[in-house]
Amino acid sequence: MVELKRLHDYCNQLLATDTFRDYCPNGLQVEGRPQIKKIIAGVTASQQFLEQAITRGADAVLVHHGYFWKGEAPVITGIKKQRIQTLLQHDVSLLAYHLPLDAHALLGNNITLAQQLDIAQPKVVDTLLRQGDNQGLLWQGELAQALTAEQFGVHIESRLQRMPTHLPSRSLRPIKTLAWCTGAAQGYIEQAAQLGVDAYVSGEVSEQTFHLARELDLHYFAIGHHASESYGVQALAKHLAQQFDLEWEFVNVANPV
């Protein structure tokens, strides 16, 4: 068991939340009971996730996608009211970490995705990091051996249990080196191409990504926003459980996007 405040302070320090320019508040978003024995982790704090977490005895839920996003209406009505009411009625805290969880070098979404896909020598793209351009979100590495785009797609499917969307490069070259950024990071495709890699991997895809992949001569794989960000929150929850002798579970609310 651990005090909520101590758990919150530890997470904020561990993930260096104060160093990020984000689209939402990171940390404690809804306050529940002061003592935590069990954490339920998930990708998004949807109503379905909350109900399953409460059924499993959560004292706190830990997610990547929480609430109060920049630009959204500040009123507590509709879906937002229902979700927050569910948390308050059951005295369950909501802890949410967005970009800080993407970027963490040991527990983050990018490094854990690399581990899941057997990407060797993963590292942050230092040049963009120094420029303050990506906040440590764009990574690069390589495969143990070169694969065709079809082979790499099959490898992704075997590890993530979903077939990625593949946009081929102009030359259809084999894939040995690659860059990646989890979530909705298709906009980094031009920065990835500047690295000279064979492929770029992210969660989502836009109409213009098709043309950019061809003109940049770079394979692009959209592996699903949810799928790309399922591993960091598990790594963080496991770490917290070990640090504070807590119980934890991961609830995967399947999402094809």
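In what follows, the structure referred to is the one given above.
Residues numbered from 1 in each chain as written. Predicted model: local features only at pLDDT ≥ 70, side-chain atom pairs only at ≥ 80, totals over all residues. Heavy atoms only, no water.

(A) Representation of the sheet that holds strand S13 (residues 247-250) in the model. A sheet is described by the order of its strands in space; here five strands give the open sequence S2-S6-S5-S4-S13, paired in mixed fashion. Since the sheet does not close on itself, it has two edges, and those belong to strand S2 (27-30) and S13, each with one partner. Neighbour to neighbour, the strand axes of the sheet diverge by 30° on average, direction disregarded. In this sheet, strand S6 (residues 93-96) lies alongside S2 in antiparallel orientation, the contact comprising three bridges. Residue Gly27 lies in a different strand from S6, and its bridge partner there is Ala96. Lying on the sheet, helix H1 (residues 4-14) is in contact with S2, strand S4 (38-44) and S6; it crosses S2 at an angle near 130°. (Pairing = 2+ DSSP bridges. Helix = DSSP H or I, 4+ residues; strand = E, 2+ residues; numbered from the N terminus. Axes fitted to C-alpha atoms, helices over the stretch in contact; angles between N-to-C directions. Contact = heavy atoms within 4.5 Å.)

(B) Summary view of the pairing of strand S12 (residues 219-222). Burial of S12 is two-sided: the residues His219 and Phe221 facing one way and the residues Tyr220 and Ala222 facing the other way are all buried. Inspection of the sheet shows strand S9 (residues 165-167) paired to S12 by three bridges, in the antiparallel sense. Residue pairing in the sheet places His166 in a bridge with Phe221 of S12. Taken together, the four bridges between strand S11 (residues 199-202) and S12 define a ladder with parallel strand orientation. Paired with Ser202 across the two strands is Ala222, which belongs to S12. Handedness of the β-α-β unit built from S11, helix H9 (residues 207-216) and S12 comes out right-handed. (Buried < 20%, exposed > 50% of the residue type's maximum accessible area, 1.4 Å probe, protein only. Right-handed = clockwise from strand over helix to strand, strands pointing away.)

(C) Quick look at the sheet that holds S9. Taken together, six strands build an open sheet; the order of strands is S7-S8-S10-S11-S12-S9 and the sheet is mixed. Edge positions in the sheet fall to strand S7 (120-124) and S9, since each has one partner strand and no second. Mean inter-strand twist for the sheet, computed between neighbouring axes without regard to direction, equals 25°. Sheet contacts for helix H5 (residues 109-116): S7, strand S8 (139-147) and strand S10 (175-181); angle to S10, the most-contacted strand, approximately 150°. Packed on one face of the sheet, helix H7 (residues 149-160) meets S8, S9, S10, S11 and S12 and runs near 20° to S12.

(D) Focus on the environment of Gly232. Checked against the element boundaries, Gly232 lands in helix H11 (residues 232-244). Measuring from C-alpha to C-alpha, the distance between Gly232 and Gly42 comes to 9.8 Å, with 190 residues separating the pair along the chain. In this view, Gly232 contacts Leu101, Leu107, Gly108, Asn109 and Thr112; residues no more than four positions away in its chain are not counted.

(E) Seen up close, the pairing of strand S5 (residues 60-65). The element S5 is largely enclosed, with a buried count of six among its six residues. Across five bridges, S4 lies against S5 in parallel orientation. Paired with Ala41 across the two strands is Leu62, which belongs to S5. After leaving S4, the chain enters helix H2 (residues 47-55) and then returns to the sheet as S5, a path that is right-handed. Pairing between S5 and S6: four bridges, direction parallel. What sits directly across from Leu62, in S6, is Leu95. One crossover worth recording links S5 to the parallel S6 by way of helix H3 (residues 78-89), and it is right-handed.

(F) The arrangement of H2 in detail. Those residues of H2 lying buried are Gln47, Phe49, Leu50 and Ala53. Along the long axis of H2, the arc covered by the buried residues comes to 160°, so they all point the same way. As for H2, its buried residues are in contact with S4, S5 and H3. Once H2 finishes, Gly57 follows within two positions and takes phi at roughly 85°, a positive value. (Arc of directions from axis to C-beta.)

As far as function goes, none of this settles anything; it's purely spatial.
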